[in-house]
Amino acid sequence: MSTTTAEKHEFQAEIRQLLDIVIHSLYTDHEIFVRELISNAADASEKLKFLQTSGAEIFQPDAAPKISVSTDEQAKTITFTDSGLGMTHGELIDNLGTIAHSGSKAFLEQIKAKQSDTHLIGQFGVGFYSAFMVAEKVTVFSRSHQPGEHGWIWTSDGRTGYEIEPAGELDRGTKIVLHLRDTEFAQAQTVESIIKRYSNFVPFPIELNGVVVNTVQALWTKNKSEVSDADYEEFYKYIGHDTEAPLFRLHFNADAPLSIRTLVFVPGKNLELLTMSRGEPEVNLYCRKVLIQQRAKGLMPEWLRFLRGVVDSEDLPLNISRETMQDSALMRKLNEVLTKRVLKWLDEEAKADPEKYDRFFREHGHCLKEGVANDYTHREAIAKLLRFESSHTEAGKTTSLTDYVSRMPAEQTEIYYLLAPSREAAEASPYFEVFREKKFEVLFLTHPHDEFVMDHMRTFDSKRLIAAEKADLKLEKESTGLSEDDARALAEFIKESLAERVGEVRASKRLVGSPAVVIEGDSHITTSMRRVMKMMQQREGQELPASKPDLEINPDHAMIVRLEAIRKTDAALAKDVAEQVFDNALVAAGLLEDPRAMLQRLNGLLEKLLAKDGPAAG
Ligand code: ADP
Ligand code: MG
């Protein structure tokens, strides 16, 4: 190889500019040159396979397709070798000497007529130049598959131009040597992790310094019928970093409107519940088995962040950088298609095995609730996936909103819910009394956030969602206690006694066993919501302005009836009792701030009670 035989070629000015862009700004991560060169090697091997099956005469026909990478820290080099179709002198000039001239694209055009299922990764004609992000010099040795050709050496610094000279005898294929600026990418460990990350599923063996590093198959590109449950499980454990089997899996392929191959799983556990912190999306984006973006943000809505798996789309430009990826129109389109499909899938799983679905919902339900609150477009579809206990389910069993609606009696027009610390507390709540009497179903919410979710949802199946406390319901019962006038007079008395502490006081037609109940005056806030807000604000050290709830009294309750009688003979005692009734209702709602005043009063009342019948103390 004497320098005299080397032909020099200069890059054109535009190409030099373009090269500058590729090297300095197209790719955010330098490490992706490994992905690009391996993808080229895989393409070259794929093309060779195609030529072989179509009966072309091939130089060294027995050399098996294989990709090898070797690193040399001392020499500061990394070398990529493949036994693919190689390049002739003319192809080296056309393919490597011209930016945006993709030999892969030309090859694809050629074979299109033959309806091949050959899958090539490159289509854009700039990936090769990513080598110059890390290398000050790149040397390509190539020997075409065509019999009668020669080997050639192509060399360039990626700045001014390149040289080509004869190489004498070479094996078929291409060897690319990168003379690196520093040793980072000459370290075997670093390179191994990069190959595993981006190229693990490339369908040819990739050796690193003589050892095969890609061992897992790209199951998502196979037909469902070719994959066993055990294969799926193993694959999930690998890509999901999990030791347990997944709950559900979705393997689906579509060609329109986008080409998508998807294999996603629902893990058995949601780590957010343990770590109390928000998880990251765990679905990786591939293009023809090559990783484009790990944990692809924007690929799925955030409320589906519990999913793990792979989405592969041939429509993705391989060389697009991460920043441009996230808000590309293509990404939005993918997101749209995937979200719809996943919603349908979860709904199918819920129907197929309700108990298993309940397990799913216990782990991941909070993400779906977040979706209902934040994702207006899919709100109704996500709402169908929610599950709640209700007054009509057995303890521990759940219902969907759809089933709730199907059970609604004709005279019920709204969907009711009640937030309480437990099912028992909900059933014993004064707010529940009217529903029990009317036999209207009430959803029992147990998570503090659930009420906010319901409030955001507003309607389901065109029926308003109403907090039990806000329901405008009356019991059609004969009055057994106070007359309307007496009840109104007592309400006025109580209002005067409580003064600034209370909003309105009125007689209620919704209570059965309880003497009174507090109701938030603001139509958007319930007492339970107030309690949650208070907890949150206390945690943040803020002071919430004192609430001034309304009080509803039960005119049929014996205590209320007596209170009306006694207020005319013993106003002081009646005032104490009125305050106690109010405080008791606050306690029931979990809203009593400081029990000290209440305890003092209660003690006074007890003392009076004992003094009435027993001997006086002292
Ligand atoms: P793309 O892969 O998108 O076509 P690249 O810049 O990565 O663009 O590569 C340009 C062209 O160079 C390829 O299309 C291919 O024709 C040729 N090429 C690159 N690497 C190899 C290789 N290892 N073997 C054969 N041809 C190659
Ligand atoms: Mg390429």
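Things to note about the overall build of the protein chain
So, point 1. Secondary structure assignment for the protein chain yields 20 helices and 22 strands.
So, point 2. In terms of overall size, the protein chain is more extended than a compact globule, its C-alpha atoms giving a radius of gyration of 36 Å where 618 residues would be expected to give roughly 25 Å.
So, point 3. Its C-alpha atoms give the protein chain principal-axis dimensions of about 125 × 45 × 40 Å.
So, point 4. Looking at the protein chain as a whole, 49% of its 618 residues are labelled buried.
So, point 5. Taking all contacts inside the protein chain whose residues are at least 6 apart in sequence as the whole, residues at least 24 apart take part in 72%.
So, point 6. Only carbon and sulfur atoms are counted for the fraction: they give 50% of the accessible area of the protein chain, which is about 30200 Å².

Notes on the sheet that holds strand β21 (residues 516-519)
So, point 1. Pairing within the open sheet is mixed, and its three strands lie in the order β20-β22-β21. The outermost strands of the open sheet, each flanked by one partner alone, are β20 (505-507) and β21. Pairwise comparison of adjacent strand axes, ignoring direction, gives a mean angle of 25° for this sheet.
So, point 2. Where β20 meets strand β22 (residues 550-553), three bridges bridge the pair, whose relative direction is parallel. Each residue of the ladder has a partner; that of Val505, found in β22, is Leu551.
So, point 3. Packed onto the sheet, helix α16 (residues 484-498) meets β20 and β22 and runs at close to 145° relative to β22.
So, point 4. Helix α19 (residues 571-588) rests against β21 and β22 of the sheet, and its axis sits at about 60° to β21.

Quick word on the packing of aromatic side chains
Between two aromatic rings, the relevant description is the distance of the centres plus the angle of the planes.
So, point 1. With the rule as written, the count across this model stands at 23 aromatic pairs.
So, point 2. With a centroid separation of 5.2 Å and an interplanar angle of 85°, the aromatic rings of Phe33 and Phe185 are classed as edge-to-face. Of this pair, Phe33 sits in helix α2 (residues 32-53) while Phe185 sits in the loop between β7 (173-180) and α5 (188-199), placing them 152 residues apart in sequence.
So, point 3. With 6.4 Å between their ring centres and 85° between their planes, Phe201 and Tyr238 make a pair best called edge-to-face. With a gap of 37 residues between them, Phe201 in the loop between α5 and β8 (206-208) and Tyr238 in helix α6 (residues 229-240) connect regions that are remote in the sequence.
So, point 4. Under the relative-accessibility criterion, Tyr238 is labelled partly exposed at 35%.
So, point 5. Put simply, the rings of Phe201, Trp220, Phe235, Tyr236, Tyr238, Phe265 and Tyr286 pair up and form one aromatic cluster.
So, point 6. For Arg143, the ring lying beneath its charged end belongs to Phe59, and the centroid distance is 3.5 Å.
So, point 7. The ring of Phe141 carries Lys175 above its face, with NZ or CZ at 4.9 Å from the centroid.

Quick word on the sheet that holds strand β14 (residues 308-312)
So, point 1. Reading across from one edge, β10-β11-β14-β12-β13 is the order of the five strands in this open sheet, with mixed pairing throughout. What marks the edges here is a single partner per strand, and that holds for β10 (248-254) and β13 (290-293). With strand direction ignored, the average angle separating the axes of adjacent strands in the sheet is 25°.
So, point 2. Across five bridges, the pairing between strand β12 (residues 282-287) and β14 is parallel. When the sheet's bridge partners are listed, Val283 is paired in β14 with Gly309.

Quick word on the environment of Pro595
So, point 1. Mapped onto the secondary structure, Pro595 falls in the loop between α19 and α20 (596-613).
So, point 2. Residues Pro595 and His24 lie 571 residues apart in sequence; the distance between their C-alpha atoms is 68 Å.

Comments concerning the domain arrangement of the protein chain
So, point 1. If you check the domain split of the protein chain, you get domain 1 (7-212), domain 2 (219-364), domain 3 (388-470) and domain 4 (484-522 + 535-613).
So, point 2. Each of domain 2 and domain 3 was reduced to a C-alpha centroid, and the two centroids are 33 Å apart.

Points about α16
The α-helix winds at 3.6 residues per turn, so residues separated by three or four positions along the chain end up facing the same way.
So, point 1. With 15 residues, α16 extends 21 Å between its outermost C-alpha atoms, agreeing within 8% with the 21 Å of an ideal straight helix rising 1.5 Å per residue.
So, point 2. Those residues of α16 not exposed but buried are Ala487, Leu490, Ala491, Phe493, Ile494, Ser497 and Leu498. Take α16 and look down its axis: the buried residues cluster within an arc of 165°, on one side only. The outward face of α16, more than 90 degrees from its buried face, is lined by the exposed residues Glu484, Asp485, Glu492 and Glu496.
So, point 3. Buried positions along α16 lie against β20, β22, α18 (558-566) and α19.
So, point 4. Just downstream of α16, Ala499 is the residue with a positive phi angle, here 50°.

Examining the pattern of salt bridges
So, point 1. In total, this model carries 41 salt bridges according to the counting rule given.
So, point 2. Notably, a salt bridge pairs Asp485 with Arg488, separated by 3.3 Å at the nearest N-O pair. Of this pair, Asp485 and Arg488 both sit in helix α16, three residues apart, roughly one helical turn.
So, point 3. Of the residues examined, Asp485 reaches a relative accessible area of 52% and is grouped as exposed.

Calculation criteria
- Residue numbering note: each chain is counted from 1, following its sequence as written.
- As a convention, the first chain written is A and the first ligand written is 1, with the rest following in written order.
- pLDDT decides what is reported in this predicted model: residues at 70 or higher carry local features, side-chain atom pairs at 80 or more are listed and counted, and totals for whole chains, interfaces and linings draw on all residues regardless.
- The basis for every side-chain value is the complete set of non-hydrogen atoms in the structure, without hydrogens or water.
- A run of DSSP states H or I qualifies as a helix once it reaches four residues; a run of E qualifies as a strand once it reaches two. Both are numbered from the N-terminal end.
- A radius of gyration in this sense is built from C-alpha atoms; the matching globule rule multiplies 2.2 Å by the number of residues raised to 0.38.
- The classification of residues rests on relative accessible area computed with a 1.4 Å probe and restricted to protein chains. Under 20% of the type maximum is buried, over 50% is exposed, and intermediate values are partly exposed.
- Working rule for contacts: check all heavy atoms of both residues, and any pair within 4.5 Å makes them a contact.
- What sets the accessible areas is the Shrake-Rupley method with a 1.4 Å probe; for residues, cover comes only from the shown protein chains.
- When DSSP finds two or more bridges between a pair of strands, those strands are recorded as paired.
- Geometry is summarised by axes, namely lines fitted to C-alpha atoms with helices restricted to the contacting stretch, and by angles between N-to-C directions that run from 0 to 180 degrees.
- Working definition: a ring pair exists when centres of Phe, Tyr or Trp rings (six-membered ring for Trp) sit within 6.5 Å. Plane angles under 30 degrees give stacked, over 60 give edge-to-face, the rest tilted.
- Sitting over a ring, as applied to charges here, requires NZ of Lys or CZ of Arg to be within 6 Å of the ring centre and within 35 degrees of the ring normal.
- All domain edges in this entry derive from an automatic or database-based domain assignment.
- Helix span is expected to be 1.5 Å times the residue number reduced by one.
- Directions are taken from the helix axis to each C-beta atom, and the arc is the one they span.
- Here a salt bridge means any side-chain nitrogen of Lys or Arg lying within 4 Å of a carboxyl oxygen belonging to Asp or Glu.

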